[in-house]
Amino acid sequence: MIIAANWKMNKTILEVNQFLDEFVSLVGENKHNKIIIAPSFVFLQKVIKFARKKNIKVFAQNCHQFASGAFTGEVSASMLSSIGVNGVILGHGERKAMGETCDMVNQKLKMAICYNLEVILCTGESENNRAEKEIEFQIKTSLKDINTDEKICIAYEPLWAIGSNKSASCENIYLKVKFIRDICKKMGFFNTKILYGGSVNLKNYVRILNIPKIDGILVGGASLKSKDFAEISSFNSSLH
Ligand code: PEP
C-alpha cells in the first residue's frame, strides 16, 4: 500500500524534529508499505536525511511549471530533484482554490516527469452531482500529452471531504476508484496507482485500505501526529 502524508503548511523545525524522533521509534521496519512524507519546502532536506535510513520517500507539495527564471517565490522541479526529493503532489484541491488550473497542473506534471520526480495527481469533485464530469475533465486535462503512468499515482480527493472530518463512504470510494481506473485505461495507462484522500483517520483507515483495488491513501490532518501516522503507516493487509 502507498501511505502518503501531506503536512500542508504545518509544523516548525522543532515540531518536525520531534515528529521524526518519535516516528522513527514507532514505525518499526516498514516492510509492508511505501511511506511518503510531504513536508513544507523548507523542511524537505531535513526530512530527506531522516527518510533515507527508514526507506521513506519524500515529496514536495507543489512545483512550478517552468524549469527556472524570474518567478519570485517559486520552486522548480529541477531544484527539488537536485536535493534528492522523490516526488511531488500536484493539483491539490487547496491549490486549485488558490487559482491553479488543470492546464497548469499538466505543465507542472510534464516538468516533474522531465526531472524524474514521481507524482501524486489529485482529483476530486466540488459538487456531488457533477462528480464524474469534473473528475474526467481534471484527469484528461492534467494528463494531456503524457505517455507513461510509470511515475504517476492519482489521489481521489472529493473537495468536501478534505479537512472536514467527513470521509467519503467506502462504496463511493470504490466506485470512484473504478471510474478513475477506467478513464486511465481508456487513455492507455494500465498501471496507474489510485489512492483515496479526505479525512482519513485512525477510525476509518483500515476500512478504506480494505476497499478492493485501492492502492493507498493520502492523509492530511491525521499525518501530523507521529503516533497516529505511525499506526496508519504500519497497516498490514494480512493482519487487518
Ligand atoms: C489532504 O490534504 O490531501 C487531505 C486529504 O487532508 P485531510 O486528511 O486532512 O482531509
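Okay, so let's go over this structure. Note that this is a predicted model, so its numbers are computed, not measured.

**Considerations on the pairing of strand 7 (residues 193-197)**
- Across the five residues that make up strand 7, a large majority, four, are buried.
- Strand direction decides the pairing type here: strand 6 (residues 152-156) and strand 7, joined by four bridges, are parallel. The residue of strand 7 that forms the bridge with I154 is I194.
- Once the chain exits strand 6 it traverses helix 7 (residues 170-186) before rejoining the sheet at strand 7, and the crossover so formed is right-handed.
- Summarising the sheet, strand 7 and strand 8 (residues 216-219) pair through three bridges and their orientation is parallel. The partner of Y196 across the bridge, within strand 8, is I217.

**Overview of the site of the ligand**
- Surveying the vicinity of the ligand reveals 14 residues, the closest of which are K8, E157, G163, S199 and G220.
- The backbone of G163 places a nitrogen or oxygen atom 2.6 Å from an oxygen atom of the ligand.
- Contact between the ligand and G221: an oxygen atom at 2.8 Å from a main-chain N or O atom of the residue.
- In the complex, the protein chains occlude 95% of the 290 Å² of accessible area that the ligand would expose alone.
- Mapping the ligand onto the cavity grids shows that it belongs to the second largest pocket.
- Each residue belonging to the shell around the ligand can be placed in one class, and the counts come to four nonpolar, eight polar and two charged.

**A short note on the packing of aromatic side chains**
- According to the stated counting rule, one finds six aromatic pairs in the structure shown.
- With centroids separated by 4.8 Å and ring planes inclined at 75°, the aromatic side chains of W7 and F19 adopt a geometry described as edge-to-face. Taken together, the residues W7 in the loop between strand 1 (2-6) and helix 1 (13-26) and F19 in helix 1 connect sequence positions 12 residues apart. Comparing W7 with F19 shows no difference in burial state: the two are buried.
- Every member of this aromatic cluster is reached through a ring pair, and the members are W7, F19, F23 and F229.
- One cation-aromatic arrangement involves K11 over W7; the distance from NZ or CZ to the ring centre is 5.1 Å.

**A word on helix 7**
- In this model, helix 7 (17 residues) spans 24 Å end to end at C-alpha, consistent with the 24 Å of a helix rising 1.5 Å per residue.
- Within the sequence span of helix 7, burial applies to N172, I173, K176, V177, F179, I180, R181, I183 and C184.
- Backbone geometry just downstream of helix 7 places G188 in the positive-phi region, at approximately 90°.

The rules behind the values
Residues numbered from 1 in each chain as written. Predicted model: local features only at pLDDT ≥ 70, side-chain atom pairs only at ≥ 80, totals over all residues. Heavy atoms only, no water. Buried < 20%, exposed > 50% of the residue type's maximum accessible area, 1.4 Å probe, protein only. Helix = DSSP H or I, 4+ residues; strand = E, 2+ residues; numbered from the N terminus. Pairing = 2+ DSSP bridges. Right-handed = clockwise from strand over helix to strand, strands pointing away. Near = heavy atom within 4 Å. Polar contact = N/O pair within 3.5 Å; in protein donor to acceptor, adjacent residues only side chain to side chain. Areas by Shrake-Rupley, 256 points an atom, 1.4 Å probe, with all protein chains shown as cover. 1 Å grid on protein atoms, 1.4 Å probe; cavity = no way out; pocket = protein on both sides within 12 Å on 5 of 7 lines; lining within 4 Å. Sits in = over half its atoms within 2 Å of the grid points. Nonpolar A, V, L, I, M, F, W, Y, C, P; charged D, E, K, R; others polar. Phe/Tyr/Trp six-rings, centres within 6.5 Å; stacked < 30°, edge-to-face > 60°. Lys NZ or Arg CZ within 6 Å of the ring centre and 35° of its normal. Expected span 1.5 Å × (residues − 1).

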